[in-house]
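Remarks on the overall topology
Listed below, chain by chain, are the residues.
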Amino acid sequence: MAQWTSAVGSPQLARLLGSQQARPAGPAARRPPAYRALADGIRLLVLEGRVPVAARLPAERELALALSVSRTTVAAAYEELRTEGFLESRRGAGSWTAVPAGNPLPARGLEPLPPEALGSVIDLGCAALPAPEPWLTRAVQGALEELPPYAHTHGDYPAGLPALREMLAERYTARGVPTMPEQIMVTTGAMGAIDAICHLFSGRGERIAVESPSYANILQLMREAGARLVPVAMAEGLAGWDLERWRQVLRDAAPRLAYVVADFHNPTGALADEDQRRRMVDAARSAGTVLVVDETMRELTLDEGLTVPRPVCGFDPAGATVITVGSASKAFWAGMRIGWVRAAPDVIRSLIAARAYADLGTPVLEQLAVNWLLSTGGWQEALGIRRAQARENRDALVAALRRELPDWEFEVPSGGLTLWVRTGGVSGSRLAEVAERVGVRVPSGPRFGVDGAFEGFVRLPFTVGGAVAEEAAVRLASAARLVAEGAGGGADAPRTFVA
């Protein structure tokens, strides 16, 4: 049985390798042998995630023709990649990309920093901001006033409080997507929503297509559920989704589910336009794949005058293809663990029935607090505070990075909470390790890929601003210098590379 889950054609691989050659190599660079340059180029594409792990590569003769090199050159490059653990082959099945077993996914970076460490370490691990006061306090006070009638009940509402389900349905309807309360289930955060969807639709061993890169915690949730993740590479920068690639993967791999973040993608910040949304839904419908759309960043528009396209579910009028997940955690406060699912009524009924064996329901008081915010206008007031804070932090962080780390590459997103940064040829995993020792915590790129891709990236959230953002950039620059000099690492430390 073949071990690959997607394929890279020779013209596509040739284009990707050609884009690397356009980068300056530096005055002291020495030209390596052709086979080694080819092996280095393919290895880099895998580490960056531009070629997914477990992607079948072209046959030697086919790639040689596309690159105008000898077949011997390609054979030698493939053999070097096999020796290093970046390629696996089987007679009759071809060759597919891999990551060496000695390069495990980093284990740290996204977990919340302990409160006692906040004074000494700048935490850029979690993309979460402090609560937008006074609205948190007001929401809790409003919820307490509305609590007494609910206190006389058993308190278990597997579908969510009727008032909140109705309010959320009205919000979708106001956005141009007619929705009934029967199409809404309230969950314990977006993570709870996606966990429930995965258990309903995807048994152990089932394939789930995911963006590459994608949100690290969701990838880990899916791994622990036993899913086989099929990565689909994102386009460069903020271009987002390559729909021809998505259509090919959905057709060839036939995944049961596909998970996408179309609104200010985490981690890249890309925003899908209407054409991308329409084509994504069409591709999923044609393949018989259920498309799970994460909208948790949708309301975090940071640039003035920006209009976010219609929700992805607006391109699925029959309601049979798209399941939408939302949450109060990013737009309002991570401590407000309220999420929701919008789907066809029969899907919602199935999710509710399955909930009896999970968490039974979501805390009533927090549901009342979110309902109070949505019904009084407090949500929009709080969202204004959140957007202003994230915008100021983004601008401060971008300015500090450009000053302290001019070799790092990134594009500034128009919304969301994250910056996806190419680290100038420094290993992201090694950088994350050294950075924590110098007092700044960052998640390395491989956390956001499948099986160790994106070694040359880190994700930086818009959670600090002003002098703290400047100090964070200074500490990151110090860590990058230490990594580049080989300080603090042993012989088995992750290798640096130059793109």
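Note that the structure is predicted; figures quoted are calculated from it, not measured.

1. Here we look at the overall build of the protein chain
The helix and strand tally for the protein chain stands at 16 helices and 15 strands. For the protein chain, the proportion of its 499 residues judged to be buried stands at 54%. Here the contacts in the protein chain between residues at least 6 apart in sequence split such that 76% fall between residues at least 24 apart. Surface summary for the protein chain: the accessible area is close to 20,700 Å², and the carbon and sulfur share equals 53%.

2. Things to note about helix α5 (residues 135-146)
Since one α-helical turn is 3.6 residues long, residues separated by three or four positions face the same way. Here α5 spans 16 Å end to end across twelve residues, near enough to the 16 Å set by a 1.5 Å rise per residue. For α5, the full list of buried residues reads Trp135, Leu136, Ala139, Gly142 and Ala143. The buried residues of α5 all sit within an arc of 130° when viewed along its axis, so they share a single face. Its buried side turned inward, α5 meets α13 (364-376) and α14 (378-404).

3. What about the pairing of strand β12 (residues 339-342)?
Side chains of β12 alternate between two faces, with Gly339 and Val341 and Trp340 and Arg342 buried alike. Of the strand pairs in this sheet, strand β11 (residues 322-327) and β12 are connected by four bridges, and their pairing is antiparallel. Of the residues in β12, the one forming a bridge with Val325 is Val341.

4. With respect to the pairing of β11
Burial analysis of β11 places six of its six residues in the buried class, the great majority of the element. Side chains Val322, Thr324 and Gly326 of β11 all project onto a buried face; the interleaved residues Ile323, Val325 and Ser327 project onto the opposite face, where all are buried too. Sheet topology places strand β10 (residues 290-294) next to β11; four bridges connect them, and they run parallel. When the bridges of β11 are listed, Leu291 appears paired with Val322.

5. A word on the pattern of salt bridges
Two side chains bearing opposite charge may form a pair once their charged atoms approach each other closely. One pass over the full model with this rule turns up 28 salt bridges. The partner of Asp40 in a salt bridge is Arg43, and the shortest N-O contact between them spans 2.6 Å. Separated by three residues within a single helix, Asp40 and Arg43 lie in helix α2 (residues 34-48), roughly one turn from each other. Residues joined by salt bridges that share partners form a network here, namely Arg36, Asp40, Arg43, Glu80 and Glu84.

6. As for the sheet that holds strand β8 (residues 228-233)
A sheet is described by the order of its strands in space; here seven strands give the open sequence β6-β12-β11-β10-β9-β7-β8, paired in mixed fashion. Looking along the sheet, the strands with just one partner apiece sit at the ends: β6 (184-187) and β8. If you compare each strand with its neighbour and ignore which way they point, the axes differ by 20° on average. The strands touched by helix α8 (residues 189-201) are β6, β7 (207-212), β9 (257-260), β10, β11 and β12; relative to β11, the strand with the most contacts, the crossing angle is about 155°. Helix α10 (residues 243-253) contacts β7, β8 and β9 of the sheet and is inclined by roughly 155° relative to β8.

7. A word on the side chain of Asn393
In this structure, Asn393 sits in helix α14. Discounting residues that sit within four places of it in the chain, Asn393 has contacts with Leu129, Phe462, Thr463, Val464 and Gly465.

8. So, the nonpolar core
The nonpolar side chains of soluble globular proteins are, as a tendency, buried together. Counting 68 residues, the largest nonpolar core has Leu124, Phe332, Leu401, Trp408, Val442, Leu460 and Leu476 as the members making the most contacts within it. Contacts of Leu476, omitting those with residues within four sequence positions, involve Leu124, Leu401, Leu405, Trp408, Leu431, Ala435, Val440, Val442 and Leu460.

9. Digging into empty space enclosed by the protein
In total, this model carries three cavities of 30 Å³ or more according to the counting rule given. The computed volume of the largest cavity comes to approximately 90 Å³. Taken together, 13 residues make up the lining of the largest cavity; nearest its centre are Ser6, Ala7, Val8, Pro52 and Arg245. Broken down by secondary-structure element, the contributors of at least two residues to the lining of the largest cavity are β1 (6-7), β8 and α10.

10. Comments concerning the environment of Glu392
With respect to the helices, strands and loops of the structure, Glu392 is situated in helix α14. For Glu392, a relative accessible area of 57% gives the class exposed. With 90 residues separating them along the chain, Glu392 and Leu302 place their C-alpha atoms 9.2 Å apart.

11. So, the packing of aromatic side chains
Each aromatic ring pair is characterised by the separation of its centres together with the angle its planes make. Per the stated rule, a full pass over the model turns up seven aromatic pairs. Residues Trp420 and Phe448 carry aromatic rings whose centres are separated by 5.6 Å and whose planes lie at 75° to one another, so their mutual orientation is edge-to-face. Residue Trp420 is located in strand β13 (residues 418-422), and its partner Phe448 is located in the loop between β14 (440-441) and β15 (457-461); the two are separated by 28 residues in the primary sequence. Residue Trp420 shares its accessibility class with Phe448, and that shared class is buried. Judged by centre distance (5.9 Å) and plane angle (80°), the ring pair of Phe454 and Phe457 falls under edge-to-face. Through a chain of ring-to-ring contacts, three or more aromatic side chains come together here, namely Trp420, Phe448, Phe454 and Phe457.

12. Here's the deal with the environment of Glu146
Residue position: Glu146 is located in helix α5. Classification of Glu146 by relative accessible area gives partly exposed; the value is 30%. Considering only alpha carbons, one finds Glu146 and Ala369, 223 residues apart in sequence, at a separation of 9.2 Å. If we skip the residues at most four places from it in the chain, Glu146 touches Leu368 and Trp372.

13. A word on the side chain of Arg277
Summarising the element assignment, Arg277 is placed in helix α11 (residues 274-287). Overall, the relative accessible area of 1% leaves Arg277 in the buried class.

14. Regarding the confidence of the model for the protein chain
The pLDDT averaged across the protein chain works out to 89; a share of 90% of its residues lies at or above 70. Here residues 104-109 is a poorly scored stretch, pLDDT under 50, and it has 17 contacts once near neighbours within four places are set aside; other chains count. Low pLDDT, under 50, characterises residues 488-499; the predicted model gives this stretch 23 contacts beyond four residues in sequence or across chains.

What counts, and where the lines are drawn
- Residues numbered from 1 in each chain as written.
- Predicted model: local features only at pLDDT ≥ 70, side-chain atom pairs only at ≥ 80, totals over all residues.
- Heavy atoms only, no water.
- Helix = DSSP H or I, 4+ residues; strand = E, 2+ residues; numbered from the N terminus.
- Buried < 20%, exposed > 50% of the residue type's maximum accessible area, 1.4 Å probe, protein only.
- Contact = heavy atoms within 4.5 Å.
- Areas by Shrake-Rupley, 256 points an atom, 1.4 Å probe, with all protein chains shown as cover.
- Expected span 1.5 Å × (residues − 1).
- Arc of directions from axis to C-beta.
- Pairing = 2+ DSSP bridges.
- Salt bridge = Lys/Arg side-chain N within 4 Å of Asp/Glu carboxyl O.
- Axes fitted to C-alpha atoms, helices over the stretch in contact; angles between N-to-C directions.
- Core = buried A, V, L, I, M, F, W, Y, C linked by side-chain atoms within 4.5 Å.
- 1 Å grid on protein atoms, 1.4 Å probe; cavity = no way out; pocket = protein on both sides within 12 Å on 5 of 7 lines; lining within 4 Å.
- Points joined across faces, edges and corners; volume = space filled by probe spheres on them.
- Phe/Tyr/Trp six-rings, centres within 6.5 Å; stacked < 30°, edge-to-face > 60°.
- pLDDT = per-residue confidence, 0-100.

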